[in-house]
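The chain contents come next:
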Amino acid sequence: MIFFFGIYTNNMRERCTESTTGVVKSVKKLRVTKKTGTHRTETHYWYKTTYEFKVDGKVYSGRSTLDEKRRLYEGSPLHVNYNPSKPGKEHYTTLDDDCTGKFAVSVFFGVIGVIILAAGIKDKARFNRSNGINADLNGMNNTDKC
């Protein structure tokens, strides 16, 4: 799923050939806490950012989730790339993840999955061959009783 989403995102970014300046309309702070040990927790903040930009006099909006380092404030300008054919559906900011990391991780896990699947198939084939030989040998032993 991540692999196909990464491909879609990369293709969409190639179609986004135009750019403009947008304005941040709202920022919502989200707190994420996770346990890192028996008695320790880590807290991180994410900022759901809503922005607007204009293309040919028409206003479009988008959202980005930014970390603490890339946080913006209401009214801040930001660079928006968009597809001239579909500016409302295909656009992104320079602050958005480029999905390269997600793409690489999905390829890594995909390769690991294929290796495990191939090893399982090979092991099953070896198991079936050895059980078939044993069954034939056992069958030969049973004919002595007849």
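Quick note: structure is the one above.
Right, let's walk through the structure included here. (Residues numbered from 1 in each chain as written. Predicted model: local features only at pLDDT ≥ 70, side-chain atom pairs only at ≥ 80, totals over all residues. Heavy atoms only, no water.)

**Section: the packing of aromatic side chains**
Then comes step 1: Considering all chains together, one arrives at 3 aromatic pairs under this definition.
Then comes step 2: By way of ring pairs, the aromatic residues Tyr51, Phe53, Tyr60 and Tyr82 are connected into one cluster.
Then comes step 3: Over the face of the ring belonging to Tyr45 we find Lys29, whose NZ or CZ atom lies 4.3 Å from the ring centre. (Phe/Tyr/Trp six-rings, centres within 6.5 Å; stacked < 30°, edge-to-face > 60°. Lys NZ or Arg CZ within 6 Å of the ring centre and 35° of its normal.)

**Considerations on the sheet that holds strand S5 (residues 91–93)**
Then comes step 1: Within the open sheet, the 5 strands sit side by side as S3-S2-S1-S4-S5. Their pairing is antiparallel. Across the chains shown, the open sheet's two edge strands, defined by having one partner strand only, are strand S3 (58–66) and S5. Each strand axis lies, on average, 35 degrees off the axis of its neighbour in the sheet, ignoring direction.
Then comes step 2: With 6 bridges connecting them, strand S1 (residues 18–35) and strand S4 (residues 77–82) associate as antiparallel partners. Counterpart to Thr21 in the pairing with S4 is His79. (Pairing = 2+ DSSP bridges. Helix = DSSP H or I, 4+ residues; strand = E, 2+ residues; numbered from the N terminus. Axes fitted to C-alpha atoms, helices over the stretch in contact; angles between N-to-C directions.)

**Observations concerning the pairing of strand S2 (residues 41–55)**
Two faces, one strand: in a regular strand the side chains alternate between the faces of the sheet.
Then comes step 1: Bridge analysis of S1 against S2 gives 12 bridges, and the strand direction is antiparallel. Bridged to Lys28 within S2 is Lys48.
Then comes step 2: The hairpin turn running from S1 into S2, its antiparallel successor, is 5 residues long.
Then comes step 3: Looking at chain direction, S2 and S3 are connected through 9 bridges and run antiparallel. Opposite Thr50, over in S3, you have Arg63 as the bridge partner.
Then comes step 4: The hairpin formed by S2 and S3 contains 2 residues between the paired strands, and Asp56 there has a positive phi angle of roughly 55 degrees.

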